[in-house]
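Architecture and fold: a report
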Amino acid sequence: MRTILVFLVVLCILAATATAFADDAATIYTSDFSKGTDGWYGRGAQVARTADATLMTTGRSSDWNSPGRNFDLVEGGKYELSVEVRQDTVDSAAFMISIAHSAFGAETYENLAHGTAKKGEWTTLKGSYTAGAFDQSVLYVETTGLPSLDFEIRNFTVTAPGGVPEPKPTEPPMVIEAVENLPSLKEIYAGKFDFGSAAPFFAFSQPKLRELMTSQFNILTPENELKPDAVLDVEGSKKRLQETGDETTAEVHFDSAKPLLDFAKENGMKVHGHVLVWHSQTPEAFFHEGYDLSKPLVSRETMLGRLENYIKNIMAYLNENYPGTVVSWDVLNEAIDDGSNWLRKSNWLTVVGEDYPNRAFEIARKYAPEGTLLCYNDYNTAIAGKLRGIVKLLNTLIPDGNIDGYGFQMHHAATFPSIQQIRTAVETVAALGLRLRVSELDVTVGNNSEASFTMQAKYYADVMKILIDHADQFEAVEVWGLTDPMSWRASQFPLLFDGSCNPKPAFFAVADPDSVQ
Ligand code: G3I
(Lines give C-alpha, C1' and ligand atoms only; values in the text may rest on other atoms or scores of the structure.)
Protein backbone atom coordinates (compact mmCIF):
# COMPACT_ATOMS: atom_id res chain seq x y z
CA MET A 1 0.00 0.00 0.00
CA ARG A 2 2.79 2.38 1.01
CA THR A 3 4.66 1.62 -2.25
CA ILE A 4 1.53 2.44 -4.25
CA LEU A 5 1.13 5.74 -2.38
CA VAL A 6 4.76 6.72 -2.96
CA PHE A 7 4.34 5.76 -6.64
CA LEU A 8 1.19 7.94 -6.94
CA VAL A 9 2.91 10.92 -5.28
CA VAL A 10 5.89 10.61 -7.66
CA LEU A 11 3.47 10.36 -10.60
CA CYS A 12 1.67 13.54 -9.47
CA ILE A 13 4.97 15.44 -9.11
CA LEU A 14 6.05 14.25 -12.57
CA ALA A 15 2.70 15.27 -14.11
CA ALA A 16 2.86 18.72 -12.46
CA THR A 17 6.42 19.24 -13.71
CA ALA A 18 5.44 18.14 -17.21
CA THR A 19 2.53 20.64 -17.24
CA ALA A 20 4.81 23.39 -16.00
CA PHE A 21 7.28 22.58 -18.79
CA ALA A 22 4.44 22.52 -21.36
CA ASP A 23 3.19 25.93 -20.15
CA ASP A 24 6.71 27.35 -20.11
CA ALA A 25 7.28 26.08 -23.63
CA ALA A 26 4.02 27.72 -24.74
CA THR A 27 4.82 31.11 -23.18
CA ILE A 28 6.39 33.45 -25.66
CA TYR A 29 6.31 36.58 -23.56
CA THR A 30 5.23 37.87 -20.15
CA SER A 31 5.71 41.54 -19.39
CA ASP A 32 8.12 42.49 -16.65
CA PHE A 33 7.89 46.07 -15.45
CA SER A 34 10.06 45.50 -12.37
CA LYS A 35 13.00 47.46 -13.83
CA GLY A 36 11.75 49.42 -16.84
CA THR A 37 9.17 49.55 -19.60
CA ASP A 38 10.32 46.21 -21.07
CA GLY A 39 10.26 47.37 -24.71
CA TRP A 40 6.87 49.06 -24.39
CA TYR A 41 6.58 52.56 -25.83
CA GLY A 42 3.86 55.21 -26.06
CA ARG A 43 1.89 55.34 -29.29
CA GLY A 44 1.01 59.05 -29.20
CA ALA A 45 1.15 58.90 -25.38
CA GLN A 46 3.61 58.69 -22.49
CA VAL A 47 4.34 55.39 -20.77
CA ALA A 48 6.20 54.89 -17.48
CA ARG A 49 6.68 52.05 -15.02
CA THR A 50 5.11 52.57 -11.60
CA ALA A 51 6.47 51.73 -8.16
CA ASP A 52 4.11 48.71 -8.19
CA ALA A 53 5.83 47.35 -11.33
CA THR A 54 2.92 48.14 -13.65
CA LEU A 55 2.98 50.31 -16.80
CA MET A 56 1.07 53.62 -16.65
CA THR A 57 -0.10 55.39 -19.82
CA THR A 58 -0.88 59.14 -19.71
CA GLY A 59 -1.07 62.15 -22.02
CA ARG A 60 -3.55 60.53 -24.42
CA SER A 61 -5.90 62.36 -26.78
CA SER A 62 -7.12 59.55 -29.10
CA ASP A 63 -8.34 56.04 -28.30
CA TRP A 64 -5.40 54.50 -30.15
CA ASN A 65 -2.87 56.47 -28.03
CA SER A 66 -1.63 53.49 -26.13
CA PRO A 67 1.18 51.36 -24.73
CA GLY A 68 2.53 49.25 -27.61
CA ARG A 69 5.35 46.78 -28.16
CA ASN A 70 6.88 45.09 -31.21
CA PHE A 71 6.44 41.31 -31.38
CA ASP A 72 8.04 38.81 -33.69
CA LEU A 73 5.01 36.74 -34.70
CA VAL A 74 5.42 33.91 -37.19
CA GLU A 75 2.93 33.67 -40.07
CA GLY A 76 0.39 30.92 -39.34
CA GLY A 77 1.22 30.85 -35.60
CA LYS A 78 -1.82 30.75 -33.31
CA TYR A 79 -1.28 33.03 -30.31
CA GLU A 80 -3.28 33.52 -27.11
CA LEU A 81 -3.06 37.00 -25.60
CA SER A 82 -3.99 38.40 -22.23
CA VAL A 83 -3.43 41.53 -20.22
CA GLU A 84 -4.71 43.07 -16.99
CA VAL A 85 -5.90 46.68 -17.16
CA ARG A 86 -6.96 49.15 -14.48
CA GLN A 87 -8.31 52.71 -14.52
CA ASP A 88 -9.34 55.06 -11.72
CA THR A 89 -11.38 57.71 -13.52
CA VAL A 90 -14.79 56.54 -14.81
CA ASP A 91 -17.32 53.97 -13.55
CA SER A 92 -16.47 51.61 -16.40
CA ALA A 93 -14.21 51.77 -19.42
CA ALA A 94 -14.03 49.59 -22.53
CA PHE A 95 -10.57 48.35 -23.54
CA MET A 96 -9.21 46.32 -26.44
CA ILE A 97 -6.00 44.52 -27.26
CA SER A 98 -5.28 45.47 -30.88
CA ILE A 99 -2.55 44.78 -33.36
CA ALA A 100 -1.03 47.23 -35.85
CA HIS A 101 0.68 45.31 -38.66
CA SER A 102 2.28 46.42 -41.86
CA ALA A 103 2.63 44.85 -45.28
CA PHE A 104 3.09 46.39 -48.72
CA GLY A 105 3.87 49.72 -47.03
CA ALA A 106 0.44 50.04 -45.41
CA GLU A 107 -0.25 49.79 -41.70
CA THR A 108 -3.54 48.11 -40.80
CA TYR A 109 -5.21 47.14 -37.54
CA GLU A 110 -7.20 44.33 -36.00
CA ASN A 111 -9.01 44.35 -32.63
CA LEU A 112 -8.21 41.07 -30.87
CA ALA A 113 -9.72 41.20 -27.38
CA HIS A 114 -12.40 43.24 -25.63
CA GLY A 115 -13.21 43.89 -21.97
CA THR A 116 -14.71 46.44 -19.61
CA ALA A 117 -12.80 47.59 -16.53
CA LYS A 118 -14.74 48.94 -13.55
CA LYS A 119 -13.20 51.86 -11.65
CA GLY A 120 -10.23 50.75 -9.53
CA GLU A 121 -10.44 47.04 -10.45
CA TRP A 122 -7.82 45.03 -12.30
CA THR A 123 -9.63 43.42 -15.25
CA THR A 124 -8.29 40.74 -17.59
CA LEU A 125 -8.72 40.95 -21.36
CA LYS A 126 -8.20 37.72 -23.31
CA GLY A 127 -8.08 37.13 -27.05
CA SER A 128 -6.39 35.16 -29.76
CA TYR A 129 -4.64 35.90 -33.02
CA THR A 130 -3.44 33.85 -35.97
CA ALA A 131 -0.52 35.74 -37.47
CA GLY A 132 -0.75 36.79 -41.11
CA ALA A 133 2.04 37.68 -43.54
CA PHE A 134 3.25 40.99 -42.14
CA ASP A 135 6.64 42.70 -41.97
CA GLN A 136 6.04 44.13 -38.50
CA SER A 137 3.50 43.58 -35.72
CA VAL A 138 2.84 45.85 -32.74
CA LEU A 139 0.46 44.71 -30.02
CA TYR A 140 -1.18 47.53 -28.07
CA VAL A 141 -3.89 48.19 -25.51
CA GLU A 142 -6.41 50.89 -26.44
CA THR A 143 -9.69 52.31 -25.14
CA THR A 144 -12.95 52.81 -26.99
CA GLY A 145 -14.68 56.16 -26.45
CA LEU A 146 -12.24 57.34 -23.75
CA PRO A 147 -9.44 59.07 -25.64
CA SER A 148 -7.96 60.91 -22.64
CA LEU A 149 -8.24 58.20 -19.98
CA ASP A 150 -5.07 57.35 -18.02
CA PHE A 151 -4.68 53.62 -17.37
CA GLU A 152 -2.28 50.93 -16.17
CA ILE A 153 -1.44 47.50 -17.56
CA ARG A 154 0.40 44.50 -16.11
CA ASN A 155 0.93 40.82 -16.94
CA PHE A 156 0.73 41.15 -20.70
CA THR A 157 1.19 37.56 -21.83
CA VAL A 158 1.57 35.93 -25.24
CA THR A 159 1.44 32.14 -25.52
CA ALA A 160 1.37 29.72 -28.43
CA PRO A 161 -0.17 26.54 -26.97
CA GLY A 162 0.25 24.60 -30.23
CA GLY A 163 3.82 25.76 -30.83
CA VAL A 164 5.00 28.14 -33.51
CA PRO A 165 5.53 27.07 -37.15
CA GLU A 166 8.86 27.47 -38.95
CA PRO A 167 9.04 30.89 -40.62
CA LYS A 168 8.11 30.61 -44.33
CA PRO A 169 10.77 31.36 -46.92
CA THR A 170 10.17 34.70 -48.67
CA GLU A 171 7.91 34.16 -51.68
CA PRO A 172 8.71 35.60 -55.11
CA PRO A 173 6.78 38.79 -55.91
CA MET A 174 3.26 38.16 -57.18
CA VAL A 175 2.27 38.72 -60.78
CA ILE A 176 0.35 41.95 -60.92
CA GLU A 177 -2.66 41.82 -63.19
CA ALA A 178 -3.72 45.18 -64.62
CA VAL A 179 -6.79 46.38 -62.75
CA GLU A 180 -8.23 47.92 -65.94
CA ASN A 181 -8.44 44.51 -67.67
CA LEU A 182 -10.80 43.08 -65.07
CA PRO A 183 -14.57 42.87 -65.30
CA SER A 184 -16.09 45.74 -63.32
CA LEU A 185 -18.42 44.91 -60.43
CA LYS A 186 -20.20 48.27 -60.60
CA GLU A 187 -20.93 47.69 -64.30
CA ILE A 188 -21.99 44.07 -63.83
CA TYR A 189 -24.50 45.01 -61.11
CA ALA A 190 -25.67 48.34 -62.61
CA GLY A 191 -29.46 48.20 -62.79
CA LYS A 192 -29.58 45.81 -59.84
CA PHE A 193 -27.76 47.56 -57.00
CA ASP A 194 -24.75 49.75 -56.33
CA PHE A 195 -21.50 47.90 -55.66
CA GLY A 196 -19.00 49.37 -53.25
CA SER A 197 -16.38 49.03 -50.58
CA ALA A 198 -15.24 50.48 -47.29
CA ALA A 199 -12.04 52.47 -47.61
CA PRO A 200 -9.73 54.05 -45.02
CA PHE A 201 -8.29 57.55 -45.41
CA PHE A 202 -4.81 56.34 -46.47
CA ALA A 203 -6.19 54.56 -49.56
CA PHE A 204 -6.67 57.87 -51.35
CA SER A 205 -2.97 58.68 -51.54
CA GLN A 206 -2.19 55.37 -53.31
CA PRO A 207 -2.64 55.44 -57.12
CA LYS A 208 -3.19 51.68 -57.45
CA LEU A 209 -5.97 51.71 -54.83
CA ARG A 210 -7.56 54.81 -56.39
CA GLU A 211 -7.63 53.00 -59.72
CA LEU A 212 -9.12 49.91 -58.10
CA MET A 213 -11.88 51.99 -56.51
CA THR A 214 -12.88 53.96 -59.61
CA SER A 215 -12.84 50.89 -61.85
CA GLN A 216 -14.76 48.52 -59.56
CA PHE A 217 -17.04 50.53 -57.29
CA ASN A 218 -19.62 53.31 -57.52
CA ILE A 219 -20.14 53.74 -53.76
CA LEU A 220 -17.69 54.02 -50.84
CA THR A 221 -18.05 53.88 -47.05
CA PRO A 222 -15.41 55.57 -44.88
CA GLU A 223 -14.16 52.68 -42.72
CA ASN A 224 -13.64 54.82 -39.58
CA GLU A 225 -13.65 58.46 -40.67
CA LEU A 226 -17.35 59.35 -40.23
CA LYS A 227 -17.68 57.62 -36.86
CA PRO A 228 -18.35 59.85 -33.83
CA ASP A 229 -14.76 59.55 -32.53
CA ALA A 230 -13.53 61.01 -35.82
CA VAL A 231 -16.26 63.64 -36.27
CA LEU A 232 -17.16 64.98 -32.82
CA ASP A 233 -14.81 67.80 -31.89
CA VAL A 234 -14.61 67.25 -28.13
CA GLU A 235 -12.19 70.10 -27.39
CA GLY A 236 -14.05 72.50 -29.69
CA SER A 237 -17.39 71.57 -28.07
CA LYS A 238 -15.97 72.02 -24.57
CA LYS A 239 -14.58 75.44 -25.44
CA ARG A 240 -17.78 76.63 -27.10
CA LEU A 241 -19.85 75.34 -24.18
CA GLN A 242 -17.66 77.33 -21.78
CA GLU A 243 -18.17 80.45 -23.91
CA THR A 244 -21.94 80.12 -24.39
CA GLY A 245 -23.04 78.03 -21.42
CA ASP A 246 -25.07 75.91 -23.88
CA GLU A 247 -24.79 72.27 -22.75
CA THR A 248 -26.34 71.03 -26.03
CA THR A 249 -23.34 72.21 -28.06
CA ALA A 250 -21.84 69.60 -30.41
CA GLU A 251 -19.09 70.86 -32.71
CA VAL A 252 -17.94 68.66 -35.60
CA HIS A 253 -14.98 68.43 -37.98
CA PHE A 254 -14.22 66.35 -41.06
CA ASP A 255 -10.40 66.24 -41.11
CA SER A 256 -10.24 62.44 -41.48
CA ALA A 257 -13.19 62.07 -43.86
CA LYS A 258 -12.11 64.75 -46.35
CA PRO A 259 -9.84 62.54 -48.53
CA LEU A 260 -12.70 60.11 -49.19
CA LEU A 261 -15.35 62.81 -49.63
CA ASP A 262 -13.13 64.75 -52.09
CA PHE A 263 -12.29 61.58 -54.03
CA ALA A 264 -15.95 60.58 -54.27
CA LYS A 265 -16.98 64.08 -55.38
CA GLU A 266 -14.21 64.29 -58.02
CA ASN A 267 -15.05 60.87 -59.41
CA GLY A 268 -18.85 61.06 -59.27
CA MET A 269 -19.07 58.27 -56.70
CA LYS A 270 -21.69 57.90 -54.00
CA VAL A 271 -20.87 57.76 -50.28
CA HIS A 272 -22.59 55.76 -47.54
CA GLY A 273 -22.28 57.48 -44.14
CA HIS A 274 -21.18 55.25 -41.25
CA VAL A 275 -22.29 56.01 -38.49
CA LEU A 276 -24.34 58.55 -36.46
CA VAL A 277 -25.32 56.67 -33.27
CA TRP A 278 -23.21 53.78 -31.94
CA HIS A 279 -22.20 52.46 -28.51
CA SER A 280 -18.59 52.10 -29.73
CA GLN A 281 -16.05 54.60 -31.12
CA THR A 282 -18.00 57.44 -29.48
CA PRO A 283 -16.15 59.76 -27.08
CA GLU A 284 -17.26 59.17 -23.49
CA ALA A 285 -17.10 62.94 -22.91
CA PHE A 286 -20.11 63.35 -25.28
CA PHE A 287 -22.29 62.02 -22.44
CA HIS A 288 -20.86 64.12 -19.58
CA GLU A 289 -21.74 67.59 -18.33
CA GLY A 290 -19.31 70.19 -19.64
CA TYR A 291 -17.73 67.47 -21.85
CA ASP A 292 -15.81 66.71 -18.67
CA LEU A 293 -15.30 63.07 -17.61
CA SER A 294 -15.12 63.98 -13.95
CA LYS A 295 -18.66 65.46 -14.07
CA PRO A 296 -21.92 63.46 -14.03
CA LEU A 297 -23.76 62.17 -17.10
CA VAL A 298 -26.00 64.80 -18.75
CA SER A 299 -29.81 64.66 -18.60
CA ARG A 300 -31.94 63.01 -21.30
CA GLU A 301 -32.98 66.45 -22.63
CA THR A 302 -29.40 67.69 -22.88
CA MET A 303 -28.30 64.49 -24.63
CA LEU A 304 -31.11 64.74 -27.17
CA GLY A 305 -30.13 68.37 -27.69
CA ARG A 306 -26.50 67.35 -28.27
CA LEU A 307 -27.55 64.62 -30.67
CA GLU A 308 -29.74 67.06 -32.57
CA ASN A 309 -26.90 69.60 -32.89
CA TYR A 310 -24.44 66.84 -33.83
CA ILE A 311 -26.61 65.53 -36.66
CA LYS A 312 -27.71 69.01 -37.77
CA ASN A 313 -24.06 70.18 -38.02
CA ILE A 314 -22.98 67.07 -39.95
CA MET A 315 -25.80 67.38 -42.47
CA ALA A 316 -25.23 71.14 -42.88
CA TYR A 317 -21.50 70.68 -43.59
CA LEU A 318 -22.00 67.83 -46.05
CA ASN A 319 -24.85 69.59 -47.82
CA GLU A 320 -22.79 72.71 -48.25
CA ASN A 321 -19.51 71.09 -49.29
CA TYR A 322 -20.54 67.80 -50.91
CA PRO A 323 -24.15 68.24 -52.02
CA GLY A 324 -25.70 64.95 -53.16
CA THR A 325 -22.62 62.85 -52.39
CA VAL A 326 -23.74 61.08 -49.20
CA VAL A 327 -26.80 59.11 -50.33
CA SER A 328 -27.40 56.96 -47.24
CA TRP A 329 -26.54 56.75 -43.53
CA ASP A 330 -26.27 54.15 -40.82
CA VAL A 331 -28.28 56.24 -38.37
CA LEU A 332 -27.94 53.53 -35.74
CA ASN A 333 -25.39 50.73 -35.54
CA GLU A 334 -25.30 47.45 -33.57
CA ALA A 335 -27.91 48.38 -30.95
CA ILE A 336 -28.99 44.78 -30.31
CA ASP A 337 -27.06 42.79 -27.69
CA ASP A 338 -25.96 39.26 -28.67
CA GLY A 339 -26.94 37.75 -25.34
CA SER A 340 -30.29 39.36 -24.44
CA ASN A 341 -31.25 40.02 -28.07
CA TRP A 342 -32.59 43.38 -26.99
CA LEU A 343 -31.03 46.86 -26.61
CA ARG A 344 -27.45 46.49 -25.40
CA LYS A 345 -26.23 48.41 -22.37
CA SER A 346 -24.73 51.68 -23.59
CA ASN A 347 -24.48 55.33 -22.69
CA TRP A 348 -27.31 56.01 -25.15
CA LEU A 349 -29.62 53.62 -23.32
CA THR A 350 -28.59 54.90 -19.88
CA VAL A 351 -28.85 58.59 -20.66
CA VAL A 352 -31.74 58.75 -23.16
CA GLY A 353 -33.71 55.56 -22.44
CA GLU A 354 -35.32 52.81 -24.53
CA ASP A 355 -36.65 55.17 -27.18
CA TYR A 356 -33.19 56.44 -28.18
CA PRO A 357 -33.31 54.58 -31.53
CA ASN A 358 -36.63 56.28 -32.39
CA ARG A 359 -35.30 59.70 -31.41
CA ALA A 360 -32.12 59.17 -33.47
CA PHE A 361 -34.11 58.37 -36.62
CA GLU A 362 -36.51 61.26 -35.95
CA ILE A 363 -33.61 63.73 -35.77
CA ALA A 364 -31.83 62.21 -38.76
CA ARG A 365 -35.01 62.52 -40.83
CA LYS A 366 -35.42 66.14 -39.77
CA TYR A 367 -31.97 67.19 -41.05
CA ALA A 368 -30.98 64.70 -43.79
CA PRO A 369 -31.50 65.94 -47.34
CA GLU A 370 -34.67 64.59 -48.93
CA GLY A 371 -34.15 61.16 -50.45
CA THR A 372 -31.33 60.12 -48.09
CA LEU A 373 -31.70 56.44 -47.20
CA LEU A 374 -31.75 56.15 -43.39
CA CYS A 375 -30.71 52.70 -42.14
CA TYR A 376 -30.30 50.54 -39.09
CA ASN A 377 -27.12 48.42 -39.43
CA ASP A 378 -26.17 45.27 -37.49
CA TYR A 379 -24.16 42.02 -37.57
CA ASN A 380 -25.09 38.37 -36.98
CA THR A 381 -28.50 38.84 -38.63
CA ALA A 382 -28.32 35.19 -39.70
CA ILE A 383 -28.34 33.99 -36.07
CA ALA A 384 -31.94 33.17 -35.09
CA GLY A 385 -32.05 34.95 -31.68
CA LYS A 386 -30.30 38.06 -32.93
CA LEU A 387 -32.59 38.14 -35.97
CA ARG A 388 -35.62 38.16 -33.64
CA GLY A 389 -34.16 41.10 -31.70
CA ILE A 390 -33.37 43.02 -34.88
CA VAL A 391 -36.88 42.46 -36.27
CA LYS A 392 -38.38 43.56 -32.93
CA LEU A 393 -36.37 46.78 -33.05
CA LEU A 394 -37.23 47.43 -36.71
CA ASN A 395 -40.90 46.95 -35.83
CA THR A 396 -40.64 49.70 -33.21
CA LEU A 397 -39.03 52.03 -35.77
CA ILE A 398 -41.11 51.38 -38.89
CA PRO A 399 -44.42 52.88 -37.57
CA ASP A 400 -42.69 56.28 -36.98
CA GLY A 401 -41.91 56.46 -40.70
CA ASN A 402 -38.31 57.61 -40.23
CA ILE A 403 -36.40 54.46 -41.17
CA ASP A 404 -35.92 53.46 -44.81
CA GLY A 405 -33.53 50.55 -44.77
CA TYR A 406 -31.67 47.77 -43.03
CA GLY A 407 -27.96 47.04 -43.46
CA PHE A 408 -26.76 43.43 -43.17
CA GLN A 409 -23.11 43.63 -42.10
CA MET A 410 -22.30 40.02 -43.14
CA HIS A 411 -18.92 39.55 -41.45
CA HIS A 412 -18.89 35.82 -42.16
CA ALA A 413 -16.54 32.85 -42.31
CA ALA A 414 -16.55 30.45 -45.28
CA THR A 415 -17.93 27.83 -42.88
CA PHE A 416 -20.45 29.91 -40.90
CA PRO A 417 -23.25 30.90 -40.96
CA SER A 418 -24.80 28.56 -43.51
CA ILE A 419 -26.12 29.87 -46.80
CA GLN A 420 -29.59 28.71 -45.71
CA GLN A 421 -29.33 30.81 -42.51
CA ILE A 422 -28.40 33.84 -44.61
CA ARG A 423 -31.30 33.23 -47.00
CA THR A 424 -33.75 32.97 -44.07
CA ALA A 425 -32.41 36.21 -42.56
CA VAL A 426 -32.65 38.10 -45.87
CA GLU A 427 -36.18 36.81 -46.50
CA THR A 428 -37.29 37.67 -42.94
CA VAL A 429 -36.04 41.25 -43.05
CA ALA A 430 -37.17 41.70 -46.67
CA ALA A 431 -40.72 40.81 -45.58
CA LEU A 432 -40.79 44.00 -43.46
CA GLY A 433 -40.79 45.97 -46.71
CA LEU A 434 -37.63 48.01 -45.99
CA ARG A 435 -34.97 48.83 -48.57
CA LEU A 436 -31.93 46.61 -47.95
CA ARG A 437 -28.15 46.93 -48.09
CA VAL A 438 -25.22 44.62 -47.53
CA SER A 439 -23.02 47.07 -45.73
CA GLU A 440 -19.87 45.21 -44.62
CA LEU A 441 -19.39 41.95 -46.53
CA ASP A 442 -16.30 39.84 -45.87
CA VAL A 443 -15.69 36.07 -45.63
CA THR A 444 -12.77 34.72 -43.64
CA VAL A 445 -10.72 31.56 -44.31
CA GLY A 446 -8.04 29.83 -42.25
CA ASN A 447 -5.15 30.38 -44.66
CA ASN A 448 -4.30 31.53 -48.18
CA SER A 449 -4.13 28.11 -49.82
CA GLU A 450 -5.82 27.42 -53.15
CA ALA A 451 -8.31 25.11 -51.39
CA SER A 452 -9.31 27.82 -48.92
CA PHE A 453 -9.70 30.41 -51.65
CA THR A 454 -11.86 28.00 -53.70
CA MET A 455 -14.12 27.43 -50.68
CA GLN A 456 -14.28 31.18 -50.05
CA ALA A 457 -15.19 31.86 -53.69
CA LYS A 458 -18.07 29.37 -53.50
CA TYR A 459 -19.42 31.06 -50.34
CA TYR A 460 -19.24 34.52 -51.95
CA ALA A 461 -21.04 33.17 -55.05
CA ASP A 462 -23.79 31.61 -52.93
CA VAL A 463 -24.30 34.86 -51.00
CA MET A 464 -24.46 36.85 -54.25
CA LYS A 465 -27.12 34.48 -55.62
CA ILE A 466 -29.36 35.30 -52.62
CA LEU A 467 -28.82 39.04 -53.12
CA ILE A 468 -29.53 38.81 -56.85
CA ASP A 469 -32.80 36.98 -56.06
CA HIS A 470 -33.78 40.02 -53.94
CA ALA A 471 -32.19 42.65 -56.19
CA ASP A 472 -35.43 44.66 -56.35
CA GLN A 473 -35.06 45.43 -52.62
CA PHE A 474 -31.26 45.77 -52.39
CA GLU A 475 -29.97 49.29 -52.74
CA ALA A 476 -26.25 48.46 -52.46
CA VAL A 477 -23.76 45.68 -51.73
CA GLU A 478 -20.44 46.71 -50.18
CA VAL A 479 -17.39 44.71 -49.18
CA TRP A 480 -15.60 45.78 -45.97
CA GLY A 481 -12.21 46.73 -47.38
CA LEU A 482 -10.19 46.86 -50.60
CA THR A 483 -7.44 44.27 -50.16
CA ASP A 484 -6.74 41.45 -47.70
CA PRO A 485 -3.92 43.17 -45.80
CA MET A 486 -6.12 46.25 -45.35
CA SER A 487 -8.93 44.28 -43.72
CA TRP A 488 -9.81 44.48 -40.01
CA ARG A 489 -9.46 40.67 -40.21
CA ALA A 490 -6.33 40.74 -42.40
CA SER A 491 -4.88 37.50 -41.08
CA GLN A 492 -7.92 35.59 -42.37
CA PHE A 493 -7.76 36.81 -46.00
CA PRO A 494 -11.45 37.81 -46.21
CA LEU A 495 -11.67 40.10 -49.27
CA LEU A 496 -11.75 40.06 -53.07
CA PHE A 497 -8.21 41.35 -53.78
CA ASP A 498 -4.80 40.43 -52.38
CA GLY A 499 -2.20 42.93 -51.20
CA SER A 500 -1.00 43.62 -54.75
CA CYS A 501 -4.58 44.34 -55.89
CA ASN A 502 -4.63 41.03 -57.74
CA PRO A 503 -8.15 39.57 -57.98
CA LYS A 504 -8.71 36.39 -55.96
CA PRO A 505 -11.06 33.55 -56.94
CA ALA A 506 -13.64 35.32 -54.72
CA PHE A 507 -13.56 38.33 -57.05
CA PHE A 508 -14.43 36.23 -60.11
CA ALA A 509 -17.13 34.43 -58.09
CA VAL A 510 -18.77 37.77 -57.20
CA ALA A 511 -18.43 38.97 -60.81
CA ASP A 512 -20.14 35.82 -62.12
CA PRO A 513 -21.75 33.74 -59.35
CA ASP A 514 -23.21 31.24 -61.85
CA SER A 515 -19.71 30.29 -62.98
CA VAL A 516 -19.10 28.72 -59.54
CA GLN A 517 -20.69 25.33 -58.91
O1 G3I B 1 -6.65 55.93 -36.72
C2 G3I B 1 -5.65 55.42 -35.82
C3 G3I B 1 -4.29 55.71 -36.37
O4 G3I B 1 -4.10 57.08 -36.48
C5 G3I B 1 -3.25 55.09 -35.44
O6 G3I B 1 -1.98 55.19 -36.02
C7 G3I B 1 -3.56 53.63 -35.21
C8 G3I B 1 -2.63 53.10 -34.16
O9 G3I B 1 -2.95 51.86 -33.75
O10 G3I B 1 -4.89 53.42 -34.79
C11 G3I B 1 -5.83 53.92 -35.69
O12 G3I B 1 -7.12 53.63 -35.22
C13 G3I B 1 -7.59 52.34 -35.51
C14 G3I B 1 -8.77 52.47 -36.45
O15 G3I B 1 -9.35 51.21 -36.67
C16 G3I B 1 -8.33 53.04 -37.80
O17 G3I B 1 -7.57 52.15 -38.51
C18 G3I B 1 -8.04 51.70 -34.21
O19 G3I B 1 -6.93 51.45 -33.42
C20 G3I B 1 -8.80 50.41 -34.48
O21 G3I B 1 -9.40 49.99 -33.29
C22 G3I B 1 -9.91 50.65 -35.49
O23 G3I B 1 -10.57 49.43 -35.82
C24 G3I B 1 -11.76 49.58 -36.57
C25 G3I B 1 -12.92 48.95 -35.78
O26 G3I B 1 -14.11 49.08 -36.54
C27 G3I B 1 -13.11 49.64 -34.43
O28 G3I B 1 -14.30 49.32 -33.87
C29 G3I B 1 -11.62 48.87 -37.91
O30 G3I B 1 -10.64 49.55 -38.69
C31 G3I B 1 -12.96 48.90 -38.66
O32 G3I B 1 -12.88 48.07 -39.80
C33 G3I B 1 -14.06 48.35 -37.76
O34 G3I B 1 -15.30 48.47 -38.46
C35 G3I B 1 -16.46 47.93 -37.80
C36 G3I B 1 -17.64 48.74 -38.26
O37 G3I B 1 -17.45 50.09 -37.96
C38 G3I B 1 -18.93 48.24 -37.62
N39 G3I B 1 -19.12 46.84 -37.86
C40 G3I B 1 -18.01 45.98 -37.49
C41 G3I B 1 -16.72 46.45 -38.18
C42 G3I B 1 -15.58 45.54 -37.87
O43 G3I B 1 -15.23 45.59 -36.51
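This text goes with the structure placed above it.
Please read these numbers as outputs of a predicted model, since none were measured by experiment. Here the residue numbers are simple positions, counted from 1 along each chain's written sequence. Restriction of local features to residues with pLDDT of at least 70 applies here, the model being predicted, together with a cutoff of 80 or more for giving and counting side-chain atom pairs; totals for whole chains, interfaces and linings are based on all residues. As a rule here, side-chain values cover all heavy atoms of the structure and leave hydrogens and water aside.

1. Quick notes on the side chain of T159
- You can see T159 is positioned in strand β11 (residues 151–159).
- We call two residues contacting when some pair of their heavy atoms lies within 4.5 Å. Setting aside its immediate chain neighbours within four residues, T159 contacts A26, T27, I28, K78, Y79 and E80. Under the scheme used here, helices are H or I runs from DSSP no shorter than 4 residues and strands are E runs no shorter than 2 residues, and both carry numbers assigned from the N terminus.

2. Thoughts on the environment of G127
- Take G127: it is sitting in strand β9 (residues 123–130).
- Along the sequence, G127 and F408 sit 281 residues apart, while their C-alpha atoms lie 25 Å from each other.
- Setting aside chain neighbours within four positions, we find G127 in contact with Y79, E80, L81, L112 and A113.

3. Looking at the site of the ligand
- Each residue is tested against the molecule or strand, and it is near if at least one of its non-hydrogen atoms lies within 4 Å. Looking at the ligand, there are 20 residues lining it, with Y140, E223, K227, H274 and E440 nearest.
- Pairing of N or O atoms within 3.5 Å defines a polar contact, subject to two protein rules: one partner must be a possible hydrogen donor and the other a possible acceptor, and residues neighboring in sequence count only if both atoms are side-chain atoms. Y140 is positioned such that a nitrogen or oxygen atom in its side chain is 2.7 Å from an oxygen atom of the ligand.
- Within the side chain of E440, a nitrogen or oxygen atom sits 2.7 Å from a nitrogen atom of the ligand.
- Residue-level accessible areas treat just the shown protein chains as cover; the underlying method is Shrake-Rupley with a 1.4 Å probe. Across the complex, the protein chains shield 83% of the 790 Å² of accessible surface that the ligand would expose by itself.
- Residue assignment for the shell around the ligand shows that the elements contributing at least two residues are β8 (106–118), β10 (136–144) and β14 (270–278).
- Any residue outside Ala, Val, Leu, Ile, Met, Phe, Trp, Tyr, Cys, Pro, Asp, Glu, Lys and Arg is labelled polar, Gly included; the first ten of those are nonpolar and the last four are charged. Looking at side-chain class alone, the shell around the ligand contains seven nonpolar, seven polar and six charged residues.

4. What about the packing of aromatic side chains?
- Whether two aromatic rings pair depends on their centres lying within 6.5 Å, for rings of Phe, Tyr and Trp, where Trp uses its six-membered ring; planes under 30 degrees apart make the pair stacked, over 60 edge-to-face, and the rest tilted. If you walk through the whole model with that rule in mind, you get 25 aromatic pairs.
- Centroid distance F497 to F507: 5.1 Å. Interplanar angle 45°. Geometry classified as tilted. Pair noted here: F497 is in the loop between β20 (474–479) and α13 (505–511) and F507 is in helix α13, with a separation of 10 residues, a long-range link.
- Two conditions define a charge sitting above a ring: the NZ of Lys or the CZ of Arg must be within 6 Å of the ring centre, and it must be within 35 degrees of the ring normal. We note R306 situated over the ring of Y291; from NZ or CZ to the ring centre the distance is 4.1 Å.

5. Points about the pairing of strand β16 (residues 373–378)
- Where burial is concerned, most of β16 is hidden: six out of the six residues are buried.
- For every residue, the accessible area obtained with a 1.4 Å probe (protein chains only) is divided by the maximum for its type, and the residue is called buried under 20%, exposed over 50%, and partly exposed between those limits. Of the two faces of β16, the one carrying L373, C375 and N377 and the one carrying L374, Y376 and D378 are both buried.
- For strand β15 (residues 326–333) and β16, the ladder comprises five bridges, and the chain directions are parallel. Following the sheet pairing, D330 is matched in β16 by C375.
- Bridging between β16 and strand β17 (residues 405–408) involves four bridges; their strand directions are parallel. Bridge assignment links N377 to a residue of β17, and that residue is G407.
- Seen with the strands pointing away from the viewer, any crossover whose path from the first strand over the helix to the second strand runs clockwise is right-handed. With helix α10 (residues 384–397) bridging β16 and its parallel neighbour β17, the resulting β-α-β unit is right-handed. At least two bridges found by DSSP between two strands are what make those strands a pair.

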